[in-house]
2 protein chains.
Amino acid sequence: MVNYPHNLIRKQNKVFSEAKTINFANRGMSFETAINATNDYYLSRQIAVIHKKPTPVQIVKVDYPKRSRAKIVEAYFRQASTTDYSGVYKGHYIDFEAKETRQKTAMPMKNFHAHQIEHMASVLSQNGICFVLLHFSTLRETYLLPAADLIAFYQIDRGGKSMPLDYIKKNGYPVAESVFPQVPYLDIIEKNFLGGDDNQI
Amino acid sequence: MVNYPHNLIRKQNKVFSEAKTINFANRGMSFETAINATNDYYLSRQIAVIHKKPTPVQIVKVDYPKRSRAKIVEAYFRQASTTDYSGVYKGHYIDFEAKETRQKTAMPMKNFHAHQIEHMASVLSQNGICFVLLHFSTLRETYLLPAADLIAFYQIDRGGKSMPLDYIKKNGYPVAESVFPQVPYLDIIEKNFLGGDDNQI
C-alpha cells in the first residue's frame with residue numbers, strides 16, 4: 001500500500017468533492033450547447049438519433065451573386081410551431097423543448113407558446129414520448145417534466161402563471177449532473193417511461 | 001326522377017372520368033406542397049404528427065431596428081444534415097426525404113447527400129421508419145422506397161449513378177394518386193411496415 005501524506009489525501013478528497021459539481025454551467029457552456037453535446041454523444045455511440053430543428057426563418061429576398069453562393073439579404077424569425085428537439089430512441093419517437101431560467105422558484109410560462117403546447121398534445125395523442133427539460137441556472141438544477149404535466153399546468157390560465165419549482169419537483173424528474181454526456185435525459189426516459197413502469201409520458 | 005338531356009349526362013360522365021386523374025400535379029401543386037398538404041390532413045384528423053423541418057440557414061447578421069422586429073440581413077443556406085420530414089405515427093418514429101425529377105427512367109442520385117444517407121442509416125439502426133418519396137413529374141408517378149434500398153443503391157458508387165426507375169419499382173411501392181390527401185404514403189407504411197408483414201423498412 002502506498003503511504004500518501006495526509007495533506008495530499010485531504011487535497012484529493014477536496015478535488016473529488018469538487019468534481020461532483022462540475023457540470024456544463026461552470027464550464028461556461030449554455031444549456032442549449034450542453035443538450036446539443038449530449039445529442040452528439042448519443043448519436044456517436046448509436047444510443048439515439050436526436051437533433052435540434054433549424055431556427056424557422058421566413059426568407060423574403062435572396063441575392064444570387066455571380067461566382068458566389070446565394071446570399072439571403074432579407075429574412076425574419078418565425079415563431080416555432082413545434083418543439084426544438086425530436087428524434088428516435090429504440091424506435092420510439094422523442095420530442096422535447098428545453099428552457100432555461102435564472103429564477104430560483106419558478107419557470108416563467110411565457111417561454112411556451114400556444115402552438116408548442118398544441119404540438120405536444122398532438123404528439124402525446126400519437127403515443128410519442130414528449131417532455132420539457134427545464135434548467136434553473138442559478139440553482140444549477142435541471143428537471144425533466146412530462147409534457148402531460150406541462151399541458152395540465154398551462155391549461156390553468158393559458159400560460160399566464162409561472163410554474164412553481166415545487167410543481168416541477170413533484171411531477172418531474174431531476175436530471176443528474178454529469179460530465180459526459182452533460183444532460184443524460186435518456187436515462188430518465190429509459191427508467192421511467194420504457195422500463196415497464198406505470199408512468200407514461 | 002329528373003330527366004337530364006343526354007348531352008349533359010355525357011358531359012357529366014366525361015367530367016367524372018377526368019376526375020379520376022386529378023392529382024396535385026395537374027392542379028398546379030408542387031410535390032412539396034402536396035406532401036405538406038398531406039401532412040396537414042394527417043395532423044388535422046389526428047392520424048399522425050409529421051412536419052417539414054425548417055430550411056437550415058446560417059445567420060450572420062441581424063439588424064434590430066427600433067419599433068420593428070428583428071431583420072436578418074445576411075444569411076446563407078446550409079446543407080441539410082438530416083432529412084426534410086419527421087414525426088410520429090402511432091408511437092413510431094417516421095423520417096423521410098422527398099425528391100422530384102422530370103426524368104422518365106431514373107432518379108438522379110445527386111439529389112441525396114452523404115450526410116442524409118448517414119442519417120437514414122442511423123435512423124434505421126434505432127428502428128425508426130425511414131424512406132424516400134420519389135416523384136416522377138413527367139410520368140405523374142410517385143413511389144415510396146425504403147431507406148435500406150436507397151442506401152444499398154447509394155453504396156454502389158457513393159451516389160454517382162442515377163437510380164433506375166426499374167430498381168425503384170422492384171424495391172419500392174407505388175403511392176396511389178389521391179385527391180384528399182394528395183400523397184397518402186401512410187397507407188403504405190400501415191400495410192407494409194406495421195401490418196405484421198415481414199418487410200421492414
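Residues numbered from 1 in each chain as written. Chains lettered and ligands numbered in written order. Predicted model: local features only at pLDDT ≥ 70, side-chain atom pairs only at ≥ 80, totals over all residues. Heavy atoms only, no water.

Under an unreviewed UniProt entry, the name given to chain A is Holliday junction resolvase RecU, and the source organism is Streptococcus ferus. In its Subcellular location (unreviewed entry) section, the UniProt record describing chain A reads: "Cytoplasm". The UniProt entry for chain A carries the following text under Sequence similarities (unreviewed entry): "Belongs to the RecU family." (UniProt positions renumbered as here; feature names shortened; annotations may be inferred.)

J.: Can you explain the sheet that holds strand 2 (residues 57-63) of chain A? Please cite residues and give values.
T.: Strand order in the open sheet made by the 4 strands is 2(A)-3(A)-3(B)-2(B), with antiparallel pairing throughout. The sheet is open, and its two borders are formed by strand 2 of chain A together with strand 2 (57-63) of chain B, each paired with just one other strand. Taking the axes of each pair of neighbouring strands and ignoring which way they run, one obtains an average angle of 35 degrees across the sheet. Bridge count for strand 2 of chain B against strand 3 (residues 71-77) of chain B is 6 bridges, and the pairing is antiparallel. Across the sheet, residue B:Gln58 finds its bridge partner in strand 3 of chain B, namely B:Tyr76. (Pairing = 2+ DSSP bridges. Helix = DSSP H or I, 4+ residues; strand = E, 2+ residues; numbered from the N terminus. Axes fitted to C-alpha atoms, helices over the stretch in contact; angles between N-to-C directions.)

J.: Which residues make up the relation of the copies chain B and chain A, and what are the values?
T.: Rotating chain B by 180 degrees and translating it 0.0 Å along the rotation axis places it on chain A, where the RMSD comes to 0.1 Å. The superposition operator between the copies reduces to a two-fold rotation axis. Residue by residue, 100% of the interface of chain B is reproduced at the interface of chain A, so both copies engage with the same surface. (Least-squares fit on C-alpha atoms with pLDDT ≥ 70 in both. Contact = heavy atoms within 4.5 Å.)

J.: Explain the pairing of strand 5 (residues 92-101) of chain A to me, and be specific about the residues and the numbers.
T.: Every regular strand shows the same layout, with side chains that alternate between the two sheet faces. Residues and elements named next belong to chain A. For strand 5, a buried count of 8 out of 10 residues is recorded, marking the element as mostly surrounded by other parts of the structure. Once strand 4 (residues 85-89) ends, the chain turns through 2 residues before running back antiparallel as strand 5, passing Lys90 with a positive phi of about 50 degrees. Here strand 5 pairs with strand 7 (residues 129-136) via 8 bridges, running parallel. The partner of Ile94 across the bridge, within strand 7, is Ile129. (Buried < 20%, exposed > 50% of the residue type's maximum accessible area, 1.4 Å probe, protein only.)

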